[in-house]
Amino acid sequence: MKDQPWKYRGLLLGCLAVVLIIGLSVLSGTGYAMVVWLGWQLQTTATALMLLIVAIIASLVYFIRLVNRWVRNWYVRHPRHIHDYQQLLPFEQLGCLWLLNAKTTKQHDLEKIFNQSASLKQLVNAHLLRESGQYEHAWQVLEQGSSLADLVLLEKADLYIAEQRHVEALDQLVFIAQQPVSSLVQSLAPAWQQYVQHLWANLATAAPWLVLAVPERPHFNTEQKIAWLNSLQQHIGQSTPADRIKLLDVYEHQPAEVLDNFLMAKQWLLVLNSLSSAELDKLIAMRLTLADTLLKQQFDPVVLAIWLQDQRQQENLDCRYFIERLELLAQRYPGQPSIALAQWHQLNASEQHEAAEQILQTWQQHPDFSYIRLSRTLADQPELLADLDIIYQAKS
């Protein structure tokens, strides 16, 4: 890449020539010149003749450059037979590597292309080193500096996340958010904002409870937020009581339209279900309300299982409401074995054995109901019943 100070060197040389000619004419006079060629005769001052020559030379140079640019553009636009990768122009080589996602296999070629740029060389090399797991070397390259300081901040955040230095990554992202918006960042919108959001999402997945403590978390899209909630569920053992109280506060104060998304609401239910009901007040009521809302939208056996579990855990269970709700679910989602199984247990508990037996006979081929029938048959054979339990639990 050519240096910017020499971009207009032709214009600078032309201006310098004009200044020298005018300076000589002032010091020594304009002079006299006569040109005779093929019967034509031109008489003028030497100064005017030299200025005319400079103008002709400048016009010829401009015309040659214009033709050269047109030829190069035509060469790029029109298809041609390519027999070797090296025949391509640098940006064409870069396009091929991008299409092939060849950051690892063609790392040397990428470095060769970007080494022509004083601004991007360190950034690209550090990025490639990070992608290949050479974190220490990547830090050394970044320390060399770059004129694109905003992009250096992003690369440092990426490195912190890759090295699992989550606290430093959080501090870096908070620092980026607090920085005044530069003209470079404005010119890169919206790609800049999307990448910063991507970094926050990566950190939220790697250290979910750390991001939960941030007062002003960035806005995640639906997919990113579901991934964050899933990570919260998986890392529930890393949370403190204060973290879990904060989580409930976030759940209660989120916009109502967030729970209109079934997958998002279901993931929230799974997170709430991973919390201890004995530790947090009103948790069962919150889960019941959310599960009930989800079951009104569509049937999901996992949601139903959580709803049934929390119904049993209630201190003052309204049996009438529970029975009516099960009947309503059975009418809304006919042919669902998990609902039928819940009805069977409820009918047995209320000693309505005939109705329970009718449900049992309706589901002849389902493994859960087959297990119930076999367990009744083997009630007086404990050894076989124990083997049946092992087989059923292994299949489940």
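This structure is a prediction, so every number in the text was calculated from the model and none was measured.

Next up on the list: the pattern of salt bridges. According to the stated counting rule, one finds 10 salt bridges in the structure shown. The shortest N-O distance in the salt bridge between Asp-310 and Arg-287 comes to 2.8 Å. Here Asp-310 is found in helix H16 (residues 301-313), whereas its partner Arg-287 is found in helix H15 (residues 283-297), with 23 residues between them in sequence. Across the pair, exposure class does not vary: Asp-310 and Arg-287 are buried alike. Connected through salt bridges with shared partners, the residues Arg-130, Glu-131, Glu-155 and Asp-158 form a single ionic network.

On to the packing of helix H7 (residues 149-162) against helix H8 (residues 166-178). Relative to each other, H7 and H8 sit at 160°, their axes nearing to 8 Å. With respect to H8, the element H7 is oriented roughly antiparallel. You can see that H7 and H8 cross each other, and the crossing is left-handed. Residues Leu-153, Leu-154, Lys-156, Ala-157, Tyr-160 and Ile-161 of H7 pack against Glu-168, Ala-169, Gln-172, Leu-173, Phe-175 and Ile-176 of H8. Its residues placed into classes, the contact of H7 with H8 shows 9 nonpolar, 1 polar and 2 charged.

Here helix H1 (residues 9-28) is 20 residues long and its end C-alpha atoms lie 28 Å apart, about the 28 Å a rise of 1.5 Å per residue gives. One or two positions beyond H1, positive phi appears at Gly-29, with a value near 95°.

What follows concerns the confidence of the model for the protein. Predicted confidence across the protein gives a mean pLDDT of 84, with 94% of residues reaching 70 or more. Taken together, the stretch residues 1-6 has pLDDT below 50 and engages in 4 contacts with residues farther than four places along the chain or on a different chain.

With 13 residues, H16 should reach 18 Å at 1.5 Å per residue; the first-to-last C-alpha distance of 18 Å fits that figure. Within H16, the full set of buried residues consists of Val-303, Leu-304, Ile-306, Trp-307, Leu-308, Asp-310 and Gln-311. Against the buried residues of H16 lie helix H14 (262-273), H15, helix H17 (319-332) and helix H18 (337-349). Of the residues flanking the start of H16, the one acting as N-cap is Asp-300, its side-chain oxygen 2.9 Å from the backbone nitrogen of Val-302.

Within the secondary structure, Gln-267 is located in helix H14. Classification of Gln-267 by relative accessible area gives buried; the value is 9%. Every residue in contact with Gln-267, bar those within four places of it in the chain, is listed here: Ile-226, Leu-229, Asn-230 and Gln-233.

A word on the nonpolar core. In this structure, Leu-203, Trp-228, Leu-247, Trp-268, Leu-290, Leu-304 and Trp-307 are the most contacted members of the largest nonpolar core, which totals 71 residues. When sequence neighbours within four positions are dropped, the list of residues in contact with Trp-228 reads Ala-204, Pro-208, Val-211, Leu-212, Arg-217 and Phe-220. In this structure, Ala-340, Leu-341, Ile-359 and Phe-369 belong to the second largest nonpolar core, which totals 9 residues.

It is worth spelling out the packing of aromatic side chains at this point. Aromatic rings considered in pairs are described by the distance between their centres and by the relative angle of their planes. Tallied over the full model, the rule gives 5 aromatic pairs. Arranged with centres 6.2 Å apart and planes meeting at 65°, the rings of Phe-220 and Trp-228 form a pair that is edge-to-face. Residue classification places Phe-220 among the buried positions, given a relative accessible area of 9%. With relative accessibility at 2%, the residue Trp-228 sits in the buried group. When the centroid spacing of 5.2 Å and the interplanar angle of 55° are considered together, the rings of Tyr-251 and Trp-268 count as tilted. Residue Tyr-251 is found in helix H13 (residues 241-252), and its partner Trp-268 is found in helix H14; the two are separated by 17 residues along the sequence. For Tyr-251, a relative accessible area of 12% puts it in the buried group.

With respect to the helices, strands and loops of the structure, Asp-389 is situated in helix H21 (residues 382-395). Judged by relative accessible area, which is 24%, Asp-389 ranks as partly exposed. A sequence separation of 14 residues divides Asp-389 from Ser-375, and the C-alpha atoms of the two residues are 8.5 Å apart.

What counts, and where the lines are drawn
Residues numbered from 1 in each chain as written. Predicted model: local features only at pLDDT ≥ 70, side-chain atom pairs only at ≥ 80, totals over all residues. Heavy atoms only, no water. Salt bridge = Lys/Arg side-chain N within 4 Å of Asp/Glu carboxyl O. Helix = DSSP H or I, 4+ residues; strand = E, 2+ residues; numbered from the N terminus. Buried < 20%, exposed > 50% of the residue type's maximum accessible area, 1.4 Å probe, protein only. Axes fitted to C-alpha atoms, helices over the stretch in contact; angles between N-to-C directions. Parallel < 35°, antiparallel > 145°, perpendicular 65-115°, else oblique. Left-handed = near helix turned anticlockwise from the far one by under 90°. Contact = heavy atoms within 4.5 Å. Nonpolar A, V, L, I, M, F, W, Y, C, P; charged D, E, K, R; others polar. Expected span 1.5 Å × (residues − 1). pLDDT = per-residue confidence, 0-100. Polar contact = N/O pair within 3.5 Å; in protein donor to acceptor, adjacent residues only side chain to side chain. Core = buried A, V, L, I, M, F, W, Y, C linked by side-chain atoms within 4.5 Å. Phe/Tyr/Trp six-rings, centres within 6.5 Å; stacked < 30°, edge-to-face > 60°.

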